[in-house]
Each structure stands twice: as structure tokens, then as C-alpha cells.
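These are the residues of each chain, in order.
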Amino acid sequence: GLYIKSTIATGSGIPERNGVAFFESDWTVSPSNAAAWGGLVFGTPGTSSIQHTQLAELASTMGLKFTLYSTNASKSSDTLYYDSGIANAGQALSNTVIDGGILWEPQYQLIIQDSSGMFKSLALTNDVFEDHTCCVIAGNSDYMKSHESVTERFLAGYVMAVNDINDILSNPGSASYEGFVDFVMTKVTALSGKEVITEAALSNITYLYADDAAGNLYGLEDDVADLIEGLDSLNIFKKPVNNPKLFADEFVTSAYLKDAISGDYSVGSMTTVKVAVINGDIHQIAIHWAIEKGYFNGLNIGIEIVGSTNGAGVATALVNGEATFGFLGAPPATITTVNSGYISA
């Protein structure tokens, strides 16, 4: 979600600044909203993160420049500034420069509910970018090609966990729901004892593993193709992508997932895989739940978690061999793949 200092944004519903709304009534932005944003400094968790990309897109749509802020530098009303080092609630609450920011759950919820009124909600990213692709599962392609069964078994265990979580979240107040909330609080240190914040964060996330029960990823392919065009307009790529649709077709594969769902794999010998996840991000809680519930045990898969501060770190872990699979935002996965020349289309 997007958060903003309470002293800066006024009004109920969609906040305003200087009498100008931050968003239109349908949560879109246009140059008419620029006066609300211009001259402010927003925190993001990294320049290749989905949050940074979304903020850059908002600035571009409003006709604002999007520039790194240097401490004590003068500010211009034609620019939205960013500080790309705000990856958790603690960093947001201790920072003396930012006016607001954009961050994942539950860090977003911790900021707006644990700041003693310093920050308030500006919008949910799902309001502004409805049903947007957030975290994706990425893998080292060389490993997957030579270990198809391992890949399919890993995904099978993850699918079981996602289905279980969705059943649990559909019954709030039940014993299984309360148990799951307790579990989530143990996986994020900052959530310890904060049941209300944890439940609020969970309510803002949709847990999926595909576009449908069969494992098709058509929607993800379309989202990646659109993402390529958006990132290209922001001059983020070091290399051109001449055919975004062809790139997405090559980049996104559903074959392993479909086999995992249909059970078309063999349970071979015990294999341990390293999985990179972002610390303090409950979008990725299903991998932890799968381990907790033992879903990988019957599949002869062992899991070793590799923690990272953001999606760029997960991408690096996949590239340098620190991890075999990873959970990260679609932008850092795509940016790394393009700029490293792994796919050219």
C-alpha cells in the first residue's frame, strides 16, 4: 500500500494536499493530480522492486519527473522524489526525510497502525493497479531443465499450501484461522503479538498459484508483456526488448506447474532445494506454511530458506546459485532477465 504523513494529507476518503486530490474518484491519476504529489519524497524498497516501478508509473502518468532525493537538496513541484532504501516499517518510521512511501504487507500495515498517527493510508496498490501481478515464483532455468521432477514436486507442495491457506482465510474466526494468524506472527518478528495488524494485512492479499485450477498462466504472460512496455518507457532496461509478447511467452512457463497439479511426476530420492524469500513479507507465507504442515515431506523435498531484503536480492540469489527457486516481484525478475541478456526477444 501507499502511506503518507498525516500532516501532509487531509480530508476523508481520497486524501488531498493543498486542495488537490492524490487520486481521481476511480483511483486513477492524471496531470490534474500532480500538484498533490509534486515536491514530496516517497520511500520505496529498491529501484527494481514492483513498488518502485508502480510509483514511477504514477509519476510518469501525472507528467512528473521521478528523481532520487539527495538530503537537504531543494525540491521542485514538477518532481516526485524517492528514497529507495525503505524496505521495512522500522526504516520508514525512523526516516526523517520521506513524506510517504509504498511498501508490501505487513510492513505497510505496521507503518499506518504502529506510527502513533505519523502516517496514514493513502491507497492500496490494488485500488490503483487492480488485480496486479505481485510476487511470482522464479527458478534457475538450467536447474529446472535438468531436475524436472524436483521442480514439479516443489510446486506441488506449494500448491497444497496455497489451497489450504485459502480455505483457512475463507473462515475467519475459526480455530484454523486463529492458528494460522498465530503462525504468521511467528514468521515476522515485527508482528509478534499484533493480531489485529496481522489480520488486516492478510485481508489485503490474494494468494494464487495460477490463473486457473489447471495451472494456466495466460494472465501472467499478458501482465509481463504489459510490464515490459511500462518498464521500457521508464528507461530501466539496458537492452531493448523488441517484442514484449514473444519475451513473455519465453519467460513464463506453465509446464512444470501443470504437471505438479495433475500429479504427472515421480517422487524420486530426497532432494533439498534452496528457496529465496523476502524477509518480513507475508505475500510469501505459503512456502513457510508448506514447510510447517509437512507438505514437502511426502514429496521427498527438503527446503532451505534463503532470506533477502528485497526482490533484487532474490534475483541475485537465483543468478549466482545461492538459491534454486525464489519468490519476488515481477519487475525485478523481468529486469534482471532482460538486463543480463538471459532472454532476447
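Here, the structure is the one placed above.
These figures come from a predicted structure and were not determined experimentally.

**A few points about the packing of aromatic side chains**
Here is step 1 of the chain: All chains considered together, the criterion is met by 14 aromatic pairs.
Here is step 2 of the chain: Ring geometry for Y69 versus Y81: centroids 5.7 Å apart, planes at 80°, classification edge-to-face. Of the two residues, Y69 sits in the loop between β5 (65-68) and β6 (79-83) while Y81 sits in strand β6, which places them 12 residues apart along the sequence. With respect to burial, Y69 and Y81 carry one shared label: buried.
Here is step 3 of the chain: Ring centres of F183 and W289 lie 5.0 Å apart, and the angle between their planes is 65°; on these two criteria the pair is classed as edge-to-face.

**Considerations on the packing of helix α10 (residues 218-233) against helix α15 (residues 330-339)**
The relative placement of two packed helices is expressed as an angle between their axes plus a distance between the axes.
Here is step 1 of the chain: Between α10 and α15, the least distance of the axes is 11 Å, while the angle of their chain directions is 70°. With respect to α15, the axis of α10 lies roughly perpendicular. In the crossing of α10 with α15, the sense of the turn from one axis to the other is right-handed. Of α15, the residues touching α10 (which contributes V224, L227, I228 and L231) are A330, P331, T334, I335 and V338.
Here is step 2 of the chain: Counted by class, the contact of α10 with α15 contains eight nonpolar, one polar and no charged residues.

**Focus: the sheet that holds strand β12 (residues 325-329)**
Here is step 1 of the chain: With mixed pairing, four strands are arranged side by side in an open sheet as β9-β12-β10-β11. The open sheet has two edge strands with one neighbour each: β9 (135-139) and β11 (301-308). If you compare each strand with its neighbour and ignore which way they point, the axes differ by 25° on average.
Here is step 2 of the chain: In this sheet, β12 lies alongside β9 in antiparallel orientation, the contact comprising five bridges. Across the sheet, residue G139 finds its bridge partner in β12, namely F325.

**Side note on the environment of H147**
Here is step 1 of the chain: Note that H147 resides in the loop between α6 (141-146) and α7 (148-169).
Here is step 2 of the chain: Look at H147 and you get partly exposed, because its relative accessible area is 32%.
Here is step 3 of the chain: Taking the C-alpha atoms as reference points, H147 and F296, separated by 149 residues in sequence, lie 16 Å from one another.

**Examining a negative patch on the surface**
Here is step 1 of the chain: Together, D211, D212, D222, D223, D226, E229 and D232 make up a region of like negative charge exposed at the surface.
Here is step 2 of the chain: Relative to the assigned elements, D223 resides in helix α10.
Here is step 3 of the chain: Accessibility expressed as a relative area gives 31% for D223, which makes it partly exposed.

**Topic: the sheet that holds β6**
Here is step 1 of the chain: On the basis of which strands lie adjacent, the open sheet formed by six strands has the order β5-β6-β4-β7-β1-β8 and mixed pairing. The open sheet has two edge strands, β5 and β8 (119-123), and neither has a second partner. On average, adjacent strands in this sheet sit at an angle of 30° to one another, irrespective of strand direction.
Here is step 2 of the chain: Pairing between strand β1 (residues 2-5) and strand β7 (residues 100-102): three bridges, direction antiparallel. If you follow L2 over to β7, its bridge partner there is I102.
Here is step 3 of the chain: Its contacts with the sheet put helix α2 (residues 50-62) on β1, β4 (41-43), β5, β6 and β7, and the angle it makes with β5 is roughly 140°.

Reading guide: rules and limits
Residues numbered from 1 in each chain as written. Predicted model: local features only at pLDDT ≥ 70, side-chain atom pairs only at ≥ 80, totals over all residues. Heavy atoms only, no water. Phe/Tyr/Trp six-rings, centres within 6.5 Å; stacked < 30°, edge-to-face > 60°. Helix = DSSP H or I, 4+ residues; strand = E, 2+ residues; numbered from the N terminus. Buried < 20%, exposed > 50% of the residue type's maximum accessible area, 1.4 Å probe, protein only. Axes fitted to C-alpha atoms, helices over the stretch in contact; angles between N-to-C directions. Parallel < 35°, antiparallel > 145°, perpendicular 65-115°, else oblique. Left-handed = near helix turned anticlockwise from the far one by under 90°. Contact = heavy atoms within 4.5 Å. Nonpolar A, V, L, I, M, F, W, Y, C, P; charged D, E, K, R; others polar. Pairing = 2+ DSSP bridges. Patch = residues over 30% accessible without salt bridge, like charges linked within 9 Å, V, L, I, M, F, W, Y side chains within 5 Å. Areas by Shrake-Rupley, 256 points an atom, 1.4 Å probe, with all protein chains shown as cover. Salt bridge = Lys/Arg side-chain N within 4 Å of Asp/Glu carboxyl O. Lys, Arg positive; Asp, Glu negative; His and termini not counted. Charge placed at Lys NZ, Arg CZ, Asp CG, Glu CD.

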